[in-house]
2 protein chains.
Amino acid sequence: MAQETADRPASAAVLVIGDEILSGRTQDVNTRYIANYLAQIGVDLCEARIVPDDMAAIVEALNALRSRYTYVFTTGGIGPTHDDITADAVARAFGVDIGEDPRAIALLRERFSEGELNPARRRMARIPKGAELVFNAISKAPGFWIGNVIVMAGVPMIMQNMMDVIGPQLAAGPPVLVETIEANGVPEGAYAEGLEEIARAHEGVSVGSYPAFTSAGFRNQIVLRSRDAALLGRAAEAARAMIKALSKELAR
Amino acid sequence: MAQETADRPASAAVLVIGDEILSGRTQDVNTRYIANYLAQIGVDLCEARIVPDDMAAIVEALNALRSRYTYVFTTGGIGPTHDDITADAVARAFGVDIGEDPRAIALLRERFSEGELNPARRRMARIPKGAELVFNAISKAPGFWIGNVIVMAGVPMIMQNMMDVIGPQLAAGPPVLVETIEANGVPEGAYAEGLEEIARAHEGVSVGSYPAFTSAGFRNQIVLRSRDAALLGRAAEAARAMIKALSKELAR
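Enquirer: What is the right way to read the interface of chain A and chain B from this model?
Expert: Frequently, the measure chosen for interface size is the accessible area removed from exposure when the parts meet. Across the contact, 59 residues belong to chain A and 59 residues belong to chain B. In total, chain A and chain B occlude about 5000 Å² of area from one another, counting both sides; carbon and sulfur atoms represent 55% of this. At the boundary of chain A and chain B, one finds 2 salt bridges. Arg68 of chain B serves as the salt-bridge partner of Glu60 of chain A, at 2.8 Å between the closest nitrogen and oxygen. At 9 residues, helix α8 (residues 188-201) of chain A tops the list of elements feeding residues into the side of chain A that touches chain B. Partitioning the side of chain A that touches chain B into residue classes produces 29 nonpolar, 15 polar and 15 charged. Pairing geometry for strand β2 (residues 44-51) of chain A and strand β2 (residues 44-51) of chain B, over 3 bridges, is antiparallel. Its bridge partner being in β2 of chain B, Arg49 of chain A is matched across the sheet by Arg49 of chain B.

Below, the structure is given as structure tokens:
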């Protein structure tokens, strides 16, 4: 495991909370959105987990992840129904009290009349003690930020709104730059050895190869990622040259 | 935590392996596919994790999951390139040797000529000792099954092909039945309390409420899941009656 240093990039995990993902009802799209967002601001997404709406499962995953990464982003389980238990689970994980937060009630009043603000909707104002609220313009029901854990909605549009609020406050680093090289004509097994050499010769560049099966057959891409633009450029040049040479060889 | 009993349904976890998912390049669709597949054959998917192409991360996640669930399904990292380290990680997690498997080489020979079967492609025949191969008709490169861990490709079409091979061998239970109730006109916060009562009155039915934000505003669905058809029917009837009553009330 790499040594923790002051100039090591911030790390992150995503914790997706919800029975609907594990039952197959709903396709999780939040992890990918957060992954792309974090890559752009230079935070490394190192792990993601999906757990059900279950107190013990959420608390255990939260504690495992928050002790290990700079940030933990959760999505889901902060609505008004009985299965929305994320806020209570976060309070339990941190060992803090939870109760109705007057700031959150004030936000809900912007959307709901006094008569509409029934006990179920007031549940959305339950916030662990010591947390900062995370606003969203769409539903008004806030997420929150406590310690290194950022709690967001599961509805993608609301989660994305919250991410835009939080983003500027995150410890950002140099963004991860990406070079994608199409290897269409060349099979993965033909360039794998050359690619490994390129990976070895360019430490600091992460080198991946991704086949996809399309109606036209396998379509391979080589993806190079680095925070160092010059190094990335040299690795990309080497990969393009390799593919070009192999294409010629295969065409013979 | 529920007591382990002989007639408790089989449980499962998914372990998605690949930098490309955590970088945001690729949308994981395998977890949802496996989730739906398992629900249909009565296996409970309890957790999913996404880890990078990193030996320590894969081994740690594998050991955590395989000790806890009936099955662990992995996807990704069994191709010919240097970043494909899943087979080696599984061997390390189980503490068994790994080497070129003659059965796997025979499969690869169906696709590749002797000249094409270079060291990179032979990597796809590295199988932990004691594992059973999992065939796929598309790429020929096999997945494998060792202990309670089933190792599959990351390319969705190949993974799905492998799932069809494995499915009939899994310890299946009664499928999970689903009732979905549209609550379009009624806001979540208006039916949350009634829904909680329905959940309490129908133990054995998992009750969820899922808002989605569409161009027409929020669109809510109540989803009821159970292995007991009669119980599920009663819960669904109660939920429909509640929504109907609330719709009338709101229309007044």
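Enquirer: Honestly, the nonpolar core in this entry has me stumped. Any pointers?
Expert: A general feature of soluble globular proteins is that nonpolar side chains tend to end up buried together. Counting 125 residues, the largest nonpolar core has Leu38, Phe73 and Leu170 of chain A together with Leu38, Phe73 and Leu170 of chain B as the members making the most contacts within it. For Phe73 of chain B, the contacting residues outside a window of four places in its chain are Ala12, Ala13, Val14, Leu15, Ile34, Leu38, Ile150, Met152, Met163 and Leu170 of chain B.

Enquirer: Hey, could you run me through the pattern of salt bridges in this one?
Expert: Close approach of charged atoms allows side chains with opposite charge to pair. All names here are of chain A. Tallying each qualifying case throughout the model produces 24 salt bridges over all chains. Where Glu47 meets Arg49, a salt bridge forms, and the shortest distance between an N and an O atom there is 2.7 Å. Between Arg126 and Asp88 there is a salt bridge; the shortest N-O distance is 2.6 Å. With Arg126 in strand β5 (residues 126-128) and Asp88 in helix α4 (residues 86-94), this pair connects stretches of sequence that are 38 residues apart. Residue Arg126 is classed as partly exposed on the basis of its relative accessible area, which comes to 27%. Take Asp88: its relative accessible area is 21%, and that puts it in the partly exposed class. Each of Asp101, Arg103 and Glu132 takes part in a single network of salt bridges with overlapping partners.

Enquirer: Can you help me understand the packing of aromatic side chains in this one?
Expert: Each aromatic ring pair is described using two quantities: the centre-to-centre distance and the angle formed by the ring planes. Residue and element names in this part refer to chain A. Here the structure, examined in full by the defined rule, presents 6 aromatic pairs over all chains. Measuring from centroid to centroid gives 6.4 Å for Tyr71 and Trp145, while their planes differ by 85°, and the two rings are edge-to-face. Within this pair, whereas Tyr71 is found in strand β3 (residues 71-75), its partner Trp145 is found in strand β7 (residues 143-146), the two being separated by 74 residues in sequence. For the pair shown, Tyr71 and Trp145 are each scored as buried. Over the ring of Phe94 we find Arg66, and its NZ or CZ is 3.9 Å from the ring centre.

Enquirer: Help me out: how do you make sense of empty space enclosed by the protein in this one?
Expert: Where empty space is left can be seen by rolling a probe of water-molecule size over the atoms. The full count for this structure, using the stated rule, is 4 cavities of 30 Å³ or more. For the largest cavity, the lining is made up of 15 residues, of which Gln27, Asp28 and Ile50 of chain A together with Gln27 and Asp28 of chain B are closest to its centre.

Enquirer: I keep staring at the sheet that holds strand β10 (residues 206-214) of chain A and nothing clicks. Help me out?
Expert: Remark on secondary structure: sheet strands pair via backbone hydrogen bonds, oriented parallel or antiparallel. Residues and elements named next belong to chain A. One open sheet holds the 3 strands; their spatial order is β9-β11-β10, and the pairing between them is antiparallel. Looking at the sheet topology across the chains shown, the edges are occupied by β9 (177-182) and β10. Strand after strand, the sheet turns through a mean of 25° between neighbouring axes, direction not considered. Along the sheet, α8 contacts β10 and β11 (217-226); its crossing angle with β10, the most-contacted strand, is approximately 165°.

Enquirer: Could you clarify how one ought to interpret the side chain of Ser209 of chain B in this entry?
Expert: Structurally, the position occupied by Ser209 of chain B is in strand β10 (residues 206-214). Looking at Ser209 of chain B, its side chain comes within polar contact range of the side chain of Glu188 of chain B, at 2.7 Å. Excluding anything up to four places from it in sequence, Ser209 of chain B contacts Thr81 and Asp83 of chain A together with Glu188, Tyr191, Leu195 and Gln221 of chain B.

Enquirer: How do you make sense of unusual backbone geometry when you look at a structure like this?
Expert: Note on backbone geometry: most residues besides glycine have negative phi, and most peptide bonds are trans. Residue and element names in this part refer to chain A. Positive phi is not limited to glycine here, since Lys140 has a value of about 75°. Take Lys140: it is sitting in the loop between β6 (132-134) and β7. Since its relative accessible area comes to 24%, Lys140 is described here as partly exposed.

Enquirer: Would you mind going over the environment of Val90 of chain A with me for this structure?
Expert: All names here are of chain A. Tracing the backbone through its elements, the reader meets Val90 in helix α4. Taking the relative accessible area as the measure of exposure, Val90 reaches 0% and is therefore buried. Contacts of Val90, omitting those with residues within four sequence positions, involve Leu62, Pro128, Phe144, Ile146 and Val151.

Conventions adopted
Residues numbered from 1 in each chain as written. Chains lettered and ligands numbered in written order. Predicted model: local features only at pLDDT ≥ 70, side-chain atom pairs only at ≥ 80, totals over all residues. Heavy atoms only, no water. Contact = heavy atoms within 4.5 Å. Buried area = accessible area lost by both parts, 1.4 Å probe. Salt bridge = Lys/Arg side-chain N within 4 Å of Asp/Glu carboxyl O. Helix = DSSP H or I, 4+ residues; strand = E, 2+ residues; numbered from the N terminus. Nonpolar A, V, L, I, M, F, W, Y, C, P; charged D, E, K, R; others polar. Pairing = 2+ DSSP bridges. Core = buried A, V, L, I, M, F, W, Y, C linked by side-chain atoms within 4.5 Å. Buried < 20%, exposed > 50% of the residue type's maximum accessible area, 1.4 Å probe, protein only. Phe/Tyr/Trp six-rings, centres within 6.5 Å; stacked < 30°, edge-to-face > 60°. Lys NZ or Arg CZ within 6 Å of the ring centre and 35° of its normal. 1 Å grid on protein atoms, 1.4 Å probe; cavity = no way out; pocket = protein on both sides within 12 Å on 5 of 7 lines; lining within 4 Å. Points joined across faces, edges and corners; volume = space filled by probe spheres on them. Axes fitted to C-alpha atoms, helices over the stretch in contact; angles between N-to-C directions. Polar contact = N/O pair within 3.5 Å; in protein donor to acceptor, adjacent residues only side chain to side chain.

Everything listed here is a matter of coordinates, which is why it stays silent on function.
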